[in-house]
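If you want the building blocks of each chain, they are given just below.
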Amino acid sequence: MTRRPPPAKKVWTWRSRALRGLVYQLIAVLAVGLGVWWLASNTMHNMQVRGIQSGFDFLGRPAGFDIGESLYEFDSGQPYWRAFLIGLTNTLRVALIGIVLSTLLGTLLGVGRFSRNALVRGLCYAYVEFVRNVPVLLQLLMWYVFFAEVLPTAADAWTFGPLFLSKGGLSFPIPIWEAGHLWGVSGLLAGAVLAFAYRRWSFRTFEATGQPRSLFWVPLAVFVLVGVLGWAAGGAPAHFNSPVKGEFSIEQGGSLTPEFLAVVLGLSIYTAAFIAEVVRAGIQSVVRGQGEAAAALGLSPGQSMRLVRLPQALRVIIPPLTNQYLNLTKNSSLAVAIGYPEVVSIATTSLNQTGRAVECISIVMLVYLTTSLTTSFFMNWYNRRAAIKER
Amino acid sequence: MTATTFDPIAARPAPAKTSGAAEWIRANLFGDWTTGLMTLLVGGALLYAVTHVLSWAVFRAAWLPDHNACRVEGVGACWGVVAEKYRFILFGRYPFEEQWRALAATLLMLCLLVASCTRAFWRPWLVVLWAVVLGIFFALMYGNVMGLPKVETDRWGGLPLTILLASLSITLAFPIAVGVALGRRSNLPAIRAVCTVYVELIRGVPLISVLFMASFMFPLFMPEGFSIDVLIRVLAGITLFAAAYLAEVIRGGLQAIPKGQLEAAATLGLSYWQTQKKIVLPQALAMVVPSIMNNFIGLFKDTSLVTIVSLYELTGALSLAINSDANWRPFKLEGYLFIALIYFAFCFSMSRYSLWVEKQVNKGQAR
């Protein structure tokens, strides 16, 4: 039987570690507190002297500026807080779409580094090296020049079927909402339920009998088929609001502005290079024996990557991937340089109009801190799910 | 009964050739039909793209600094914009006659950076060398000594500014980062909390908001009548930003030190600071040198952001050079490609260097 040593008694002399620790901490806290107090009092004093008003009351006043693009209607008579809300939604829109696109592209590029085809390997390597080593701001500016200046005017827009690409942005047809679409939507919902049920059933039969069934293609087919059936039952409405080439601009249809395209493409392409490296490092961390065992079982190289190596690499990939997502979100603030109205851009405009530097910059910091913390919270949750389940 | 004679079986044929260009192509490009098809598809697309890009960038390009030649129908890239504006792009608004000083300062700084990367210079006196070279750099750029006319910092720009911001901020950030990293692993809860809040706060916000803070809010923070040059303010902002990221990298190295090292140091009777200085930091820092290099590359690219707060480093100088001249405004893309090449040259060589350092560091572990 081992006996624990009695807890060390704290001795409060100048030579004791406990006292010195306490003193150091007191000094640190005092220094930080005094520093913050000094800065705050300076700020107060300066604001008083210069007659700068403070407080967040300006948020309720009319903004007095227009915003190029927004998810909902905005005019200059509406208050500042609505402008900031639009900035926030624009930031989130870019971040979400950018995260999806860069993950897809980055995974493809990272997996491509292991291709048996030397040409594909070389191309993926060259992409990563070129894109990674040029500042993202410069890339955004280049994309913006491409979309806003190099592209032809609306009159001779590039046409790809129903799509138009010109200085005015990308125009595309959008379906017009009709009652019949409700059938289509309910068909898709029913398809999703059926596909899910089929997957569970095939899992059960596999575990009971060892008979493998398709877990991906058949459910997908069921989902799509039932959706199409529902749409057909609703009378197959197919009216589109298609863009038409006007004299000075492309009219009607849905459209994406050149600013939005430049930001999304620039950020996705830049971040994809980093994600590719993350994915590559993750796959490399899976021991060789796993790939060899998969080959011995008769899996094709593609199956081995999809079913054996990638799922194991995921555990290594997720933490650095989270960092890349956060970087992308933070880099979306660079959109201010090309005039995309995200939250930093709205804040600088408001700052110039109201002179409330402290408030506007605090709002920006708060927005990014919140998004960063939320993203890392979600990714930590996913990371725990993907971690090895040990007995 | 016949005598059995030894009858050797025929020798196996030599294996098919496995080295050489033809074999390499067969194995890597046409291994099986999917690979072959992929090669044809990708190769075709690549060939198409490369011929078009080459035709635009080389064969149909206009090279002379004449903007009318660039507007002729069918002309590709207009490199004339670089030929015409390269001094403005490289040195920003620095006075034209004095640009030799900026060039000399840049070259000196580059020599210092290259020297710091070579093994022969990894000595204590490197710190002195840095101080001396930085002194000469500022003397050359700012002037006002030895008959050199004074050039205010708001006219500094281009490549010298980029290199100054990147190298000075990482150097200043390093000691802060070591302190913060140690603080985050300290046993004292208050110190740990202060360091954690600092790191998480800075890492949670984009660099641009820190720069805005440095340029708009900093004057409010200081006592009345006290003003600091905007270059110094921005430098301070970047330094604080870089320190938070660097601290996390160093903390990673600290975490990788086995506990036995600390216990052994304690057994020998070393104090906390002795342990950190003699045992922990040398091992931890050596381990994270490649990550520090990556950080530096990131910082070098991030200096382009100071354009947004009106300091005209490489990116800003280019916009200034081209936006101020209506003749050349349509050829911005070529200008961007030119500075992209400069950034690429710097960052790519640094990443190659980082690979070399990684090998050097791992030599001790190799058996």
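Residues numbered from 1 in each chain as written. Chains lettered and ligands numbered in written order. Predicted model: local features only at pLDDT ≥ 70, side-chain atom pairs only at ≥ 80, totals over all residues.

1. Describing the confidence of the model for chain B
Chain-level pLDDT for chain B is 86 on average; 98% of the residues reach the 70-or-more range. Taken over the whole predicted complex, pTM reads 0.85, whereas the ipTM for its chain interfaces reads 0.87. (pLDDT = per-residue confidence, 0-100.)

2. Remarks on the sheet that holds strand β3 (residues 169–172) of chain A
Strand pairing within a sheet occurs via backbone hydrogen bonds; the two strands may be parallel or antiparallel. Residues and elements named next belong to chain A. Taking strand neighbours across the sheet as the criterion, the four strands line up as β1-β2-β3-β8 in an open arrangement whose pairing is antiparallel. A strand with exactly one partner marks an edge of an open sheet, and here the two such strands are β1 (158–160) and β8 (254–256). Adjacent strand axes in the sheet meet at a mean angle of 20°, parallel and antiparallel pairs treated alike. Relative to β8, β3 runs antiparallel, the two being bridged by three bridges. The residue of β8 that forms the bridge with Leu170 is Leu256. (Pairing = 2+ DSSP bridges. Helix = DSSP H or I, 4+ residues; strand = E, 2+ residues; numbered from the N terminus. Axes fitted to C-alpha atoms, helices over the stretch in contact; angles between N-to-C directions.)

3. Comments concerning the interface of chain B and chain A
Across the boundary between the two partners, chain B contributes 42 residues, which contact 48 residues of chain A. The greatest single-element share of the side of chain B that touches chain A, amounting to 10 residues, is contributed by helix α14 (residues 332–362) of chain B. Of the residues in the side of chain B that touches chain A, the class split is 28 nonpolar, 11 polar and three charged. (Contact = placed C-beta atoms within 7 Å. Nonpolar A, V, L, I, M, F, W, Y, C, P; charged D, E, K, R; others polar.)

4. A short note on the packing of helix α5 (residues 99–116) of chain B against helix α6 (residues 126–142) of chain B
Two quantities define a packed helix pair, namely the angle between the helix axes and the distance between the axes. Residue and element names in this part refer to chain B. Running from amino to carboxyl end, α5 crosses α6 at an angle of 170°, the nearest separation of the two axes being 9 Å. Taken as axis vectors, α5 and α6 run roughly antiparallel relative to one another. Considering how the two elements wind past one another, α5 and α6 form a crossing that is left-handed. Counted together, Arg101, Ala102, Ala104, Ala105, Leu108, Met109, Leu112 and Ser116 of α5 and Leu126, Leu129, Trp130, Val133, Ile136, Phe137, Leu140 and Met141 of α6 form the full contact between these two elements. Here the residues of the contact of α5 with α6 sort into 14 nonpolar, one polar and one charged. (Parallel < 35°, antiparallel > 145°, perpendicular 65-115°, else oblique. Left-handed = near helix turned anticlockwise from the far one by under 90°.)

5. What about the pairing of strand β2 (residues 163–166) of chain A?
Residue and element names in this part refer to chain A. Relative to β2, β1 is paired through three bridges, and the arrangement is antiparallel. From the neighbouring strand, Phe160 faces β2, where its bridge partner is Leu163. In textbook terms, the turn of a hairpin is the stretch between consecutive antiparallel strands, and for β2 and β3 this stretch comprises two residues.

6. Digging into the packing of helix α3 (residues 118–132) of chain A against helix α7 (residues 258–285) of chain A
Residue and element names in this part refer to chain A. Packing of α3 against α7 leaves a shortest axis separation of 9 Å and a crossing angle of 125°. Taken together, the axis directions place α3 and α7 in an arrangement best described as oblique. For α3 against α7, the interelement crossing comes out left-handed. The residues of α7 that touch α3, namely those facing Cys124, Tyr127, Val128, Val131 and Arg132, are Ile269, Tyr270, Ala273, Phe274, Ala276 and Glu277. Of the residues belonging to the contact of α3 with α7, the class tally is nine nonpolar, no polar and two charged.

7. Observations regarding the environment of B:Leu299
Residue and element names in this part refer to chain B. For Leu299, the position within the fold is in helix α12 (residues 272–302). Between the alpha carbons of Leu299 and Ala242 there is a distance of 7.2 Å; along the sequence they are 57 residues apart. Excluding anything up to four places from it in sequence, Leu299 contacts Ala166, Ser169, Ile170 and Ala242.

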